[in-house]
Amino acid sequence: MSRLFRTSRVLAWFFISGLSVAAMTASSFYLYLRPGLPAVEQLTDIKLQTPLRVYSADNRLIAEFGEKRRAPITIEQIPTIQLQAFMAAEDANFYQHIGVDFKGLLRAAIELVTTGQIQSGGSTITMQVAKNYFLSRDRTFIRKFNEILLALQIERELNKDQILELYLNKIYLGNRAYGLRAAAQVYYDQDVNELSLAQMAMLAGLPKAPSAFNPLANPERARIRRNWILGRMRDLGYITPNAYELASQAPLTASYNAPSTEVDADYVAEMARAEMVQRFGEAAYTDGYSVTLTVLADKQQTATEALRAGLHAYDRRHGFRGAIGTIEPSGRTTDELQDQLRNYPIIESLHPAVVTAVIDEEERVELITRSLGPSHMPFESMTWAKPYRTESLTGPAPKTPSEVVQPGDVVYVQTTTDADHTSSEHTGGIKPTVTLSQLPKVQGAVISLNAKTGAIEALAGGYSFNQSKYNRATQATRQPGSNFKPFLYLAGLERGLTPASIFNDAPIVFDDSQLETAWRPENSSGQFYGPTRLREALYRSRNLVSIRLLRDIGIHNALSYLEQLGIPTDQIPADLSLALGSGLLTPMEVARGYAVIANGGYDVQPFLIKEIRDSDGEVLYSAPAVVQCENTCQLPHRDPFEAPPNINMMKRLADERSVYILHSMMRDVIRRGTGRRALALGRSDIGGKTGTTNDQRDAWFSGFNHNLATTVWVGFDQPSPMGRGEFGATAALPVWMDYMEVALNDEPNAFMPQPNGIVTVRIDPATGKRTRPGQEAGIFELFREEDAPPPLESVSGSGAPSTTSGTEATLPTELF
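Since the structure is predicted, the reported quantities are computational estimates derived from the model, not experimental observations.

The rules we used
- Residues numbered from 1 in each chain as written.
- Predicted model: local features only at pLDDT ≥ 70, side-chain atom pairs only at ≥ 80, totals over all residues.
- Heavy atoms only, no water.
- Helix = DSSP H or I, 4+ residues; strand = E, 2+ residues; numbered from the N terminus.
- Expected span 1.5 Å × (residues − 1).
- Buried < 20%, exposed > 50% of the residue type's maximum accessible area, 1.4 Å probe, protein only.
- Axes fitted to C-alpha atoms, helices over the stretch in contact; angles between N-to-C directions.
- Parallel < 35°, antiparallel > 145°, perpendicular 65-115°, else oblique.
- Contact = heavy atoms within 4.5 Å.
- Nonpolar A, V, L, I, M, F, W, Y, C, P; charged D, E, K, R; others polar.
- Pairing = 2+ DSSP bridges.
- 1 Å grid on protein atoms, 1.4 Å probe; cavity = no way out; pocket = protein on both sides within 12 Å on 5 of 7 lines; lining within 4 Å.
- Points joined across faces, edges and corners; volume = space filled by probe spheres on them.
- Core = buried A, V, L, I, M, F, W, Y, C linked by side-chain atoms within 4.5 Å.
- Salt bridge = Lys/Arg side-chain N within 4 Å of Asp/Glu carboxyl O.
- pLDDT = per-residue confidence, 0-100.
- Arc of directions from axis to C-beta.
- Phe/Tyr/Trp six-rings, centres within 6.5 Å; stacked < 30°, edge-to-face > 60°.
- Lys NZ or Arg CZ within 6 Å of the ring centre and 35° of its normal.

(A) Layout of helix α12 (residues 266-280). Relative to the 21 Å expected for 15 residues at 1.5 Å per residue, α12 spans 21 Å between its end C-alpha atoms, a close match to the ideal helical length. Of all the positions in α12, only Tyr267, Val268, Ala269, Ala272, Arg273 and Met276 are classed as buried. Count one or two residues on from α12 and you reach Gly281, which has phi positive near 70 degrees.

In structure tokens, the structure reads:
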């Protein structure tokens, strides 16, 4: 007994010594590591990395920027059964342990020994919160010990619900989804309270290995993991055996769901992104900012579609450039051809397709179309495809499909059925019908501004942002051509000229030592029309009159007036060619100038961001209200201790009477001039101006009513002729009309109110002077009171001179 007693004492001594050494070691580690542990209070202040979201003015999602997809959620918004699914998978004793589950660690060790793998995991949810929020991913003893210490500290300072909420918002669940709500949207396109039990279990299985158990990448392994979790939920009493049986037999329904943008506005989204990064740096992508823009969804979508339609229309007028590639179709399956077609990108509505058969007798072509599968193309959709020769020349119209394409040709097509069909199987076996198309080489831009505030209501910077990120609306400096003339005419009106002023439309030659040959400008028609009133010269776009008008105003005076209007002059030549729009302006700068005209002569500064909110919904920025004022602009009187009012004062830049007269002249461009095609809109309040540069390198149309100003530009990125007949009225005006038809739909006519000091005088159209009493030939014209033609002496027995003042509605229609 004494020997046994002595042995027991030795063993007890070793046991106590071991415990003491372990305690001392643990204490040493704690004392060593404790100062470096972060404060738990930081958890409540941490901003979850939430992407930047951009919305239209009517709250439609335009874009989302950021590497991590996240949508924060509170624990009250999560169904209890979903919480239990995560606890069954990760930490069944979550509500019982103190942050470290020693039973769970032992169970994980047993699973590792008996099965070779760990199903339930050894880390508690609290330990995972500590790791995910504060610690690195290094697999070291020191990191694990830190994790345990921090978990104990978190448990002392936060309650269980707070910890679980932090976990479910931070955990990575694959496919860029961080947090439960984001994962529900990514995999099932549903909110968390709409998920089935099987879907809840599937998401709960992802934290352990987001790639290995991913239902998209590894569906069979994901199903096994899901069913194991369902079994744990049954064993823990969270669900009934019947619920387990139903859920475990449920099919996998996961699919990848990208953020569902509701508006096609990539150029606008990029402008917003750039401005947010300028304001907030890289935090713009992670701090959950929500940006509301000034664009309206329906107008923006229409601008995008109108520009693409206009570019396609131009492209078809100039012929088919041929196949974009070849793929040998014989001996290959549909799937193999689809794989080959992945080398050709889908660009907006354009799908690459390989021709598999050409059947002239039946006037159709058989194809395999990327993402659509087997398709057919009727010859009637190919009749436009005359062979391209040059921008001004095409070959003869095709008479059979084989004159256009051959088997193996890869061409772009557009669908005539629902673009959401992903294969012929989705149409019940019926092949979708497609039409022949091609990617336009020509480009363009559309900008529409609220004329009174400067808010950008729609903007398209090219055919496709994915094809070219160059924003032509704001970055392309081009010659505006005759689109520039209204600014020059407004300068003349302010200097005492009138719509009735006569200028000679006759040949003119300028010798310049800097030019190799003399400059002989001419009208687009090549003809000259003699003495012409300014009103007619504007709506008929007479170049020789514009040059003589500029010479009358003076080049220096004209440039000074442009600067007064806020039009950049640094790329405008100081010579007579500026009368024909030879300077360089961006479409945005042109649109802003037209907005100044449209609103009656007040300054206007384009802006895109209406409001910025942080992740908590607090407003960080609101666009200032715009107040128009005369030349002396002062903010309202306020208490010096109050914050200044959020107001932008926009002063008058042009005489309102001159602008009013110019409105009338520019409405004539549509009523009887180069913009007559716009009469189809059936509106009397719109005015505008076409523009075409030398050799049709640029085509423009800018137009407005009193509330809205819109500019359209069409041309090649590298300036080159667009071809014979491609004027502003041909290439740009149809785009403007398609947009304005929607933008002004259900809007009442918006005229600029007639200011005081305007008179109407009956004049002789040949001389611009007052008509004599009894003279039959005469039209009514608008004048500033001081610029009206002087009265003529009355002939005995005749009435008084023809002079009136009043509103436009009471005046003869031949003037307006």
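(B) Broad picture of the packing of helix α10 (residues 219-235) against helix α11 (residues 241-248). Put simply, α10 and α11 touch, their axes get as near as 9 Å, and they point 175 degrees apart. Considering their axes alone, α10 and α11 lie roughly antiparallel with respect to each other. Contact with α10, carried on its side by Arg226, Asn227, Leu230, Gly231 and Arg234, involves Pro241, Tyr244, Ala247 and Ser248 of α11 and no other residues of that element. Among the residues making up the contact of α10 with α11, the classes are represented as four nonpolar, three polar and two charged.

(C) Structural detail: the sheet that holds strand β22 (residues 687-692). A sheet is described by the order of its strands in space; here five strands give the open sequence β15-β14-β24-β23-β22, paired in antiparallel fashion. This sheet does not close on itself; its edge strands, each paired only once, are β15 (456-460) and β22. In this sheet, neighbouring strand axes are inclined to one another by 5 degrees on average, regardless of whether the strands run parallel or antiparallel. Sheet topology note: the strand β14 (residues 443-450)/strand β24 (residues 708-715) ladder contains eight bridges and is antiparallel.

(D) Summary view of the layout of surface pockets. Taken as a whole, the largest pocket holds about 1100 Å³ of empty space. Lining the largest pocket are 38 residues, with Glu522, Asn543, Leu580, Thr692 and Asn694 sitting closest to its centre. Breaking the lining of the largest pocket down by element, the ones donating at least two residues are β22 and α22 (728-743). Element by element, the count of residues in the lining of the largest pocket is highest for β22, at four residues. Its residues placed into classes, the lining of the largest pocket shows nine nonpolar, 20 polar and nine charged. The volume enclosed by the second largest pocket comes to roughly 880 Å³. Lining the second largest pocket are 29 residues; nearest its centre among them are Thr261, Asp264, Asp266, Arg308 and Glu348.

(E) Structural view of the sheet that holds strand β2 (residues 61-65). Read from one edge to the other, the open sheet built from five strands follows the order β2-β1-β5-β18-β19, with strand pairing classed as mixed. Among the strands making up the open sheet, the edge pair consists of β2 and β19 (619-622). Recorded for the sheet is a direction-independent mean angle of 15 degrees between the axes of neighbouring strands. As defined by bridge partners, strand β18 (residues 609-613) adjoins β19 across three bridges and the pair is classed as antiparallel. Bridged to Glu611 within β19 is Ser622.

(F) How the structure looks around the nonpolar core. Ile62, Leu293, Tyr489, Leu565 and Leu662 are the most contacted members of the largest nonpolar core, which has 84 residues in total. Take this core: its biggest share by element is eight residues, from helix α20 (residues 587-598). In contact with Tyr489, other than residues within four places in its own chain, are Leu534, Ala537, Leu538, Val545, Ser546, Leu549, Leu662 and Met665. Within the second largest apolar cluster, 47 residues are counted, among which are Phe86, Ala177, Leu206 and Leu230.

(G) Local environment of the pattern of salt bridges. Following the criterion strictly, the structure yields 37 salt bridges and no others. Between Arg535 and Asp668 there is a salt bridge; the shortest N-O distance is 3.0 Å. With Arg535 in helix α17 (residues 534-539) and Asp668 in helix α21 (residues 656-672), this residue pair connects regions lying 133 residues apart in the sequence. We classify Asp668 as buried; its relative accessible area is 0%. In the salt-bridge network here, residues are joined through shared partners; they are Arg535, Asp668, Arg671, Arg672 and Glu781.

(H) Examining the confidence of the model for the chain more closely. Looking at the chain, the pLDDT average stands at 86 and 83% of residues meet or exceed 70. The model gives residues 25-33 a pLDDT under 50, and that stretch makes 11 contacts with residues more than four places away or in other chains.

(I) Local environment of the environment of Pro755. With respect to the secondary-structure elements, Pro755 resides in the loop between α22 and β25 (758-763). Given a relative accessible area of 8%, Pro755 falls into the buried group. Remark: the alpha-carbon pair of Pro755 and Ser658, spanning 97 residues in sequence, is separated by 9.8 Å. Here Pro755 is in contact with Glu656, Arg657 and Tyr660, once residues within four sequence places are set aside.

(J) Spatial organisation of the pairing of β15. For β15, the tally of buried residues reaches five of five residues, placing the bulk of the element in the interior. The loop that links β14 with its antiparallel partner β15 comprises five residues; one of these, Gly454, has a positive phi angle of about 90 degrees.

(K) Up close: the environment of Ile647. Looking at the element boundaries, Ile647 is found in strand β21 (residues 647-651). Residue class for Ile647 comes out partly exposed when judged on its relative accessible area of 25%. For Ile647 and Pro624, which are 23 residues apart along the polypeptide, the C-alpha to C-alpha distance reads 4.7 Å.

(L) Layout of helix α14 (residues 334-341). Residues Leu337, Gln338 and Leu341 constitute the buried set of α14. An end-on view of α14 places all buried positions within 105 degrees of arc, on one side of the element. Where α14 is buried, its residues touch β7 (351-359), β8 (364-369), β9 (373-378) and β12 (409-415).

(M) Local environment of the packing of aromatic side chains. Applying the stated criterion across every chain yields a total of 10 aromatic pairs. A ring pair is formed by Phe86 and Tyr167, whose centres lie 6.3 Å apart and whose planes are at 85 degrees; its orientation type is edge-to-face. Here Phe86 is found in helix α3 (residues 80-90), whereas its partner Tyr167 is found in helix α7 (residues 160-170), with 81 residues between them in sequence. On the numbers, 4.9 Å between centres and 65 degrees between planes, the contact of Phe701 with Trp736 is edge-to-face. Pair noted here: Phe701 is in strand β23 (residues 698-704) and Trp736 is in helix α22, with a separation of 35 residues, a long-range link. By the burial criterion, Phe701 is buried, and Trp736 matches it. Here the aromatic residues Phe484, Phe487 and Tyr594 are joined through ring pairs into a cluster of three or more. Above the plane of the ring of Tyr244 lies Arg234, whose end atom (NZ or CZ) is 4.2 Å from the centre. Directly above the aromatic system of Tyr621 lies the positively charged group of Arg279, at a separation of 4.4 Å from the ring centroid.

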